[in-house]
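Summary of the model geometry
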Amino acid sequence: DAGVIQSPRHEVTEMGQEVTLRCKPISGHNSLFWYRQTMMRGLELLIYFNNNVPIDDSGMPEDRFSAKMPNASFSTLKIQPSEPRDSAVYFCASSFARGKNIQYFGAGTRLSVL
Amino acid sequence: SQKIEQNSEALNIQEGKTATLTCNYTNYSPAYLQWYRQDPGRGPVFLLLIRENEKEKRKERLKVTFDTTLKQSLFHITASQPADSATYLCALVNSGNTPLVFGKGTRLSVIA
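Now for a quick tour of the structure. The shown structure was predicted, so the numbers you read here are calculated from the model rather than taken from an experiment.

Quick notes on the interface of chain A and chain B
- Counting from both sides, the interface comprises 18 residues of chain A and, opposite them, 18 residues of chain B.
- Here chain A and chain B share an interface that buries about 1,500 Å² over both sides, 55% of which is from carbon and sulfur atoms.
- Across the contact surface, chain A and chain B share zero salt bridges.
- Counting across the chain A and chain B interface gives four residue pairs in polar contact (both at pLDDT 80 or more).
- When contributions to the side of chain A that touches chain B are tallied by element, the ones reaching two or more residues are strand E4 (31-38) and strand E5 (42-50) of chain A.
- The element contributing the most residues to the side of chain A that touches chain B is E5 of chain A, with four residues.
- Along the lines of polarity and charge, the residues of the side of chain A that touches chain B split into 10 nonpolar, five polar and three charged.

Notes on the pairing of strand E4 (residues 30-38) of chain B
Residue and element names in this part refer to chain B.
- For E4, the buried fraction is high: eight of the nine residues fall into the buried class.
- The pairing of E4 with strand E9 (residues 86-94) spans eight bridges and is antiparallel. Directly across from Gln-38, in E9, lies its bridge partner Thr-87.
- Bridge count for E4 against strand E5 (residues 45-51) is six bridges, and the pairing is antiparallel. Residue pairing for E5: Tyr-36 is matched across the bridge by Phe-46.

The rules behind the values
- Residues numbered from 1 in each chain as written.
- Chains lettered and ligands numbered in written order.
- Predicted model: local features only at pLDDT ≥ 70, side-chain atom pairs only at ≥ 80, totals over all residues.
- Heavy atoms only, no water.
- Contact = heavy atoms within 4.5 Å.
- Buried area = accessible area lost by both parts, 1.4 Å probe.
- Salt bridge = Lys/Arg side-chain N within 4 Å of Asp/Glu carboxyl O.
- Polar contact = N/O pair within 3.5 Å; in protein donor to acceptor, adjacent residues only side chain to side chain.
- Helix = DSSP H or I, 4+ residues; strand = E, 2+ residues; numbered from the N terminus.
- Nonpolar A, V, L, I, M, F, W, Y, C, P; charged D, E, K, R; others polar.
- Buried < 20%, exposed > 50% of the residue type's maximum accessible area, 1.4 Å probe, protein only.
- Pairing = 2+ DSSP bridges.

Geometric values such as these leave the question of function open.
Structure (structure tokens):
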């Protein structure tokens, strides 16, 4: 397996624009997690899914953020409208729910909102 | 409030020495604790897991201890090498089916 695949790797956009980040989890994994990482706050969990169903979105900072998982092999994180304070690295991770929660991370998307 | 604290943001050690990183937690009852390594521009990579009823776990030059009384885990790298330079993150799973909570990490630099 190629691991968790995220796209794009880098995204530069202007304030107010819509941003969509994409993730393909490892085949066979049934949990998917979206994180945001900054120097100040470290790695923060935004939302996670079990079997494509959102379980906990309490980490989503505002209504501007939304996430979907239409099937077991694809998820998106959308920010609309984007703001400069959303600039961060966004990671997607997947795991097998009965596998002690060991998570496998993608390479991340570095988002810069100007 | 619940907190996970890793002792320092950065740690510099000489090649060949043992690096010791600390992870302390407050107001958690972790079922198990994990350590990850993160290199610049990459996502974290799982290294080791230790359960609440285990005192110590080893993997090659890595050793993890877990003291639920002190609410602390120590992560050791023996005979450290420049290639060990990275950020190391601890993460715990609280009791119950809850997701991982990560510390902010310690950036280790091994100097040749």
